[in-house]
Amino acid sequence: MAQRILALAAEEVPERLQEALQSLGEGEVRRCPAGWVPLAGKGRGSPCSQPSGVLRRLQLYKHCVPLVESGDLHLGKVSEIIGLLMLEARQLPGHALAELATLFVDVIKGGSLSNGKSLELFSTVLTALASSKESLAYGKGELNGEEFKKQLINTLCSSKWDPRSVIHLANMFRDIPLLGEELQFVVEKVLRMFSKLDLQEIPPLVYQLLLLSAKGSKKTVLEGIISFFNQLDKRQKEEQRIATMPLDQLRHVEGTVILHIVSVINLDQDLGEELIRLLKTEQQKDPGRALCPFSVALLLSVAVKHRLQEQIFDFLKTSITRSCKDLQFLQASKFLQDLFPQQYDVTAVILEVVKNSAFGWDHVTQGLVDLGFSLMESYEPKKPFGGKAADTSYGLSKTPAQQACRLGASILLETFKVVYQLLLLFFYFSDLLSNIVVSAPLVLQTSSSKVTETFDNLSFLPIDTVQGLLRAVQVNLKLDLVLVLNSSESHSGKFILFLIHTFFLSCLRFARYGPTIFPSCLQGFYDVLRRNSQLASSIMEMLLSQIKQYYLPQPDLLPPLKLEGCIMAQGDQIFLQEPLAHLLCCIQHCLAWYKSTVHLCQGTEDDDEEEDVGFEQNFEEMLESVTRRMIKSELEDFELDKSADFSLSSGVGVKNNIYAIQVMGICEVLIEYNFNIGNFSKNKFEDVLGLFTCYNKLSEILKEKAGKNKSTLGNKIARSFLSMGFVSTLLTALFRDNAQSHEESLAVLRSSTEFLRYAVSVALQKVQQLEETGQTDGPDGQNPEKMFQNLCKITRVLLWRYTSIPTVVEESGKKKGKSISLLCLEGLLRIFNTVQQLYTARIPQFLQALDITDGDAEETDINVTEKAAFQIRQFQRSLVNQFSSAEDDFNSKETQSLITVLSTLSKLLDPASQQFLQFLTWTVKVCKENALEDIACCKALLSLLFSLHVLYKSPVSLLRELAQDIHACLGDIDQDVEVESRSHFAIVNAKTAAPTVCLLLLGQVDKVLEEVDWLIKKLTSLGSDTSEDSSQASDQTQALEKGVILQLGTLLTVYHELVQTALPAGSCVDTLLRSLSKTYAILTSLIKHVSAALLTVGWLGSKNFFPICYSKLTVTPGSSYAQNWAAKVLRDTKPIPNLIFAIEQYEKFLIHLSKKSKVNLMQYMKLSTSRDFRINASMLDSVLQEHNTEDAENDSTAEQTDENQEPKKKRQRKK
């Protein structure tokens, strides 16, 4: 039969072909081979004008769909069949198209699709069906083609899909005209199928979905993709131990998806704009859902396209600073932590992206580098060219801008560890360069030409830049020497020696900039020696030849060194050409290292040994001679005396300053040298004391001259040349060495109180330098581990010295300057701050090192809270002793330092621990029982109380009690009103209540208002959340509203007390009025987001505040205080207009809310007509004139009064 039909088709006689086809039954059509389908499908034998023809066509379509999906045909044949059927489909009538479409839906629902080729025909059928105007039967009714298509899509998307056919279906919908609702339905269905697919099938499906988004629903597509991978990342973190999902596979899939999105954005820029809008909107609602590692990586990849880079980086930088600020709010307030238990940190997310980029995310790396530089450029401390940055603190960053800048550096450093070829891009960031060189030292070797070029242009760079660059390159120089000298190429070793000599001479050129560049270079030689013993002879000979230029070998000649050769004159300016003290310091350290290390490793080569012994002996004899003659030298020998000019405004003064600092430095270098070689010899320690005498004379002269010139350096010692390691050794020997064999020699040094004070002062200076710069001068100054060990040793000594010898006992025989105990306390304070900034991870080991009773405990057993509480108790006892001491023995500076130490140590306590609660209870007790009248100590103690209280619970109840105490202490603004005599805190008294306590109280109130304002903004974002978690957001919104109402309700009681208090005119009144303006502005924002019922409940406890506030802001000629206050307002009315506007805005929205809710919220308010801030000038003038007349009459009467007559008693202020 099939052959007959093919023959009839070839004759092109439609009538005979139709007769043959009509004789076929349905079963025969299905049994016909596929070869005649192209001919039969041309339609000549089954015209659509005849019902039988339509029926045969339907039978043919029903036969072909399973046929092409069976996989039995060649792909070329399948494509030919589908193409012909697609051409003929548009000729089918509407009911046939509907039946055929229903067939496809059933096939999809049944999961019968294998290769998805027939879906090309399905898209054509649905498109033709949508354009059909025929009424089609659907259920019991009729629908047009468009509505029928809509119902089919609804049925299809509501049914179960075979995961194997999802990609084919997504591709099919691209060719179907879809309305907005239909497209949304389809996109949501495809997104739901993500979780049912294998990970490797996600990228092609995402690509099809992105192409489909050209029709619309871009936001839904992007949101679904980001949400899916965000959930995958979270699940992968939770299942790390189980490892059900290979991490590398997940990262590669994420990278491929990101590439797909970027490629589509290149074709459709609107998709990129939609991505930015989406993340900005989501970031307001839920930052954790918007900025996850996947979305950040996606943004950074898109940012490579410069058209969107600025928008993306602005968004990321804003998000970073906002996240840092939010974390600051949360970490500083227990009240906020209870409302927001989960804390989101975008910086951790970005660093995770850097970590993920190691999985071949090259397209993300460029964005990370650009973001890192952008953060550093935007938020680095600003400074003029050649100037010093205002903020040079190392360690923990405090402000959001500092944290953002530090994040930028971390991004670049961590990215470099992943892709080290980025060194040249980082070359001009010296601090970062130093870290990079340590991470990958071999990279700089390949950039030697760049290094040489940079060295040639160092003189054109600012001082700070030169110093940082040299320090960074020295790190690599040390590592290069190790690598090269260990190799078999001897000529490379010669080249390095030549490089050292060149480097040394290059550094000499920068001596005219001051003692900053050259000392850093000299310190680098000591570090090189430690790593490369083979260079010892060469470097020591170089140093010997250099010092001989200034050394005078004659044994009786004073002074032993030529200082005039160290300076250089250019016109009327004097420069230090070579820092002789630094050179001698370098020699001393190199010689000490050489004697302790290289001497023990000498080989069998006698010639080299004799040569080495020669320069070693030369150095020892030279230093011995210089020591002996420096002790004998007088100031006149150095052309210095007390009457000399030391001002920095003249050339002579500059020269004398340079000489004095060099002589002092030489003395310190020799002190360290003789102490180290003395082996506790009495004679050597006498030499040490003689050198200190020379040093101290010049130090006192410089202090005296600076004091006369009112210089800020008057009370500071010159920058010490002692090394940090020696300082820790010296302090231990002076205060903690109990060996009987050392007693006689140490008694020489201990007999000098000035030397003991000097040793502690140098330790304080070294710790301060470490805190400010992250390193110290001298050997191992850049070694964090060595610095940490020295800090521990110094802390143990200072802690023992302070707790063993009270300041009161020491000050009884003190002549001048700070006592040693007070210096020890200041040193402890700086050390505690430094450890928390630079050694956060080592705090447990630090506290353990201070506790000698528990020195053998393992690191895992260290409880930081318990250790910190133990140290806190020691300082608590000292503070209690201060409070209980006699008035003459009370030391205000020591008390302030003790309170600051307690505040610093309290940061180590866990706020949830019992120790923290005990410390808070003790602080409250101290404030309640001690009537402290010292203003500075009062500020410090109340600040400590506030900082502790906010970490335990909201401070509003504490503020209310303090406000009541201020009211009781200062009295009421209306003197006829008797204030209840009550006192919660004895620290609030007549001397401290105003302005000290009042301003501190209002400052804390402002912090609470900032928290409330922050919460209201969160309420706004939660109120706009329409996601699936809206019910959870609603519960959180209610909790936030309740918390805000309770906070403000209690704050209004604080204002209730303060507006009735007779505050002195000035800062207290102005600050109170500004605070009231801020409060009303926040109340205005609040009533836009809370219900009237909730607002009424919150106001019940403060119903008396508003009438009192209004009445006190209306001036009436009553008491004298009211008149004085009115006069003050006339002189300075700046806070008043803002308060007027804030109140009027508040009333406006409150009236609107009252009408809307039908709740009387105005029952405690006065309308604007009865509250006018315009002062009646004529009435005020008459009152003031009457007041002046009374004063004049009183003055004349007083002159006529008998001088023996007692003055009239003042009216007692009622309590």
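Above this text sits the structure in question.
It should be emphasised that the depicted structure is a prediction, and the values quoted were computed from it without experimental measurement. Numbering of residues starts from 1 in every chain and runs along the sequence as written. Per-residue local features are limited, in this predicted model, to residues with pLDDT of at least 70; the limit for side-chain atom pairs, both in listing and counting, is 80 or more; totals at the level of whole chains, interfaces and linings are taken over all residues. Excluded from the side-chain calculations are hydrogens and water; all other atoms, namely the structure's heavy atoms, are used.

Some words on helix α32 (residues 651–678)
So, step 1. Strands here are runs of E lasting at least two residues and helices are runs of H or I lasting at least four, both read from the DSSP assignment and numbered beginning at the N terminus. By definition here, a helix of n residues has an expected span of 1.5 Å times n minus one. The end-to-end C-alpha separation of α32 is 40 Å, in line with the 40 Å expected for 28 residues at 1.5 Å each.
So, step 2. Of all the 28 residues making up α32, 22 are buried; the element is thus mostly covered by neighbouring parts of the structure.
So, step 3. Note on α32: the residue one or two positions beyond its end, N679, has a positive phi of about 50°. Each residue gets one of three labels from its accessible area relative to the maximum for its type: buried under 20%, exposed over 50%, partly exposed in between, using a 1.4 Å probe on protein chains only.

A few points about the pattern of salt bridges
So, step 1. The term salt bridge refers to a side-chain nitrogen of Lys or Arg lying within 4 Å of a carboxyl oxygen of Asp or Glu. Counted by the stated rule, this structure contains 18 salt bridges.
So, step 2. Here K684 makes a salt bridge to E624, at a shortest N to O gap of 3.0 Å. With K684 in helix α33 (residues 682–708) and E624 in helix α31 (residues 606–632), this pair connects stretches of sequence that are 60 residues apart.
So, step 3. Looking at K684, the relative accessible area reads 16%, which means it is buried.

Brief notes about the packing of helix α14 (residues 247–267) against helix α15 (residues 269–285)
So, step 1. Working convention: axes come from line fits to C-alpha atoms, limited for helices to the stretch in contact. Angles between N-to-C directions cover 0 to 180 degrees. Their axes nearest at 5 Å, the elements α14 and α15 cross at an angle of 120°. Viewed along their axes, α14 and α15 adopt a mutual orientation that is oblique. Each of V264, I265, N266 and L267 in α14 lies in contact with α15, whose residues at this interface are Q269, L271, G272 and L275.
So, step 2. Residue polarity is assigned by list, with Asp, Glu, Lys and Arg as charged and Ala, Val, Leu, Ile, Met, Phe, Trp, Tyr, Cys and Pro as nonpolar; anything else, Gly included, falls into the polar class. Partitioning the contact of α14 with α15 into residue classes produces 5 nonpolar, 3 polar and no charged. Here the word oblique covers every angle except those under 35 degrees (roughly parallel), over 145 (roughly antiparallel) and from 65 to 115 (roughly perpendicular). Note on definitions: a residue-residue contact is assigned when non-hydrogen atoms from the two residues lie within 4.5 Å.

Some remarks on the nonpolar core
So, step 1. To define a nonpolar core, start from buried Ala, Val, Leu, Ile, Met, Phe, Trp, Tyr and Cys residues and group those joined through side-chain atoms within 4.5 Å. The biggest cluster of nonpolar side chains holds 200 residues, and the ones touching the most others in it are L731 and F875.
So, step 2. Examining the composition of this core, we find that 15 residues originate from one element, helix α46 (residues 993–1023), more than from any other.
So, step 3. Not counting residues up to four positions away in its chain, the partners in contact with L731 are R736, A759, V760, A763, I794, V797 and L798.
So, step 4. Counting residues in each nonpolar core, the second largest holds 91 residues, with A101, F122, L156 and L209 among its members.

With respect to unusual backbone geometry
So, step 1. The omega torsion across L558 and P559 is -5°, close enough to zero to call that bond cis.
So, step 2. Cis geometry is adopted by the peptide bond preceding P995, which originates at A994 and carries an omega value of 0°.
So, step 3. With a phi angle near 60°, E639 is a residue other than glycine that sits in the positive phi range.
So, step 4. Position of E639 relative to the elements: it lies in the loop between α31 and α32.
So, step 5. For E639, a relative accessible area of 53% puts it in the exposed group.
So, step 6. Despite not being glycine, F680 shows a phi value in the positive range, around 60°.
So, step 7. Take F680: it is sitting in the loop between α32 and α33.

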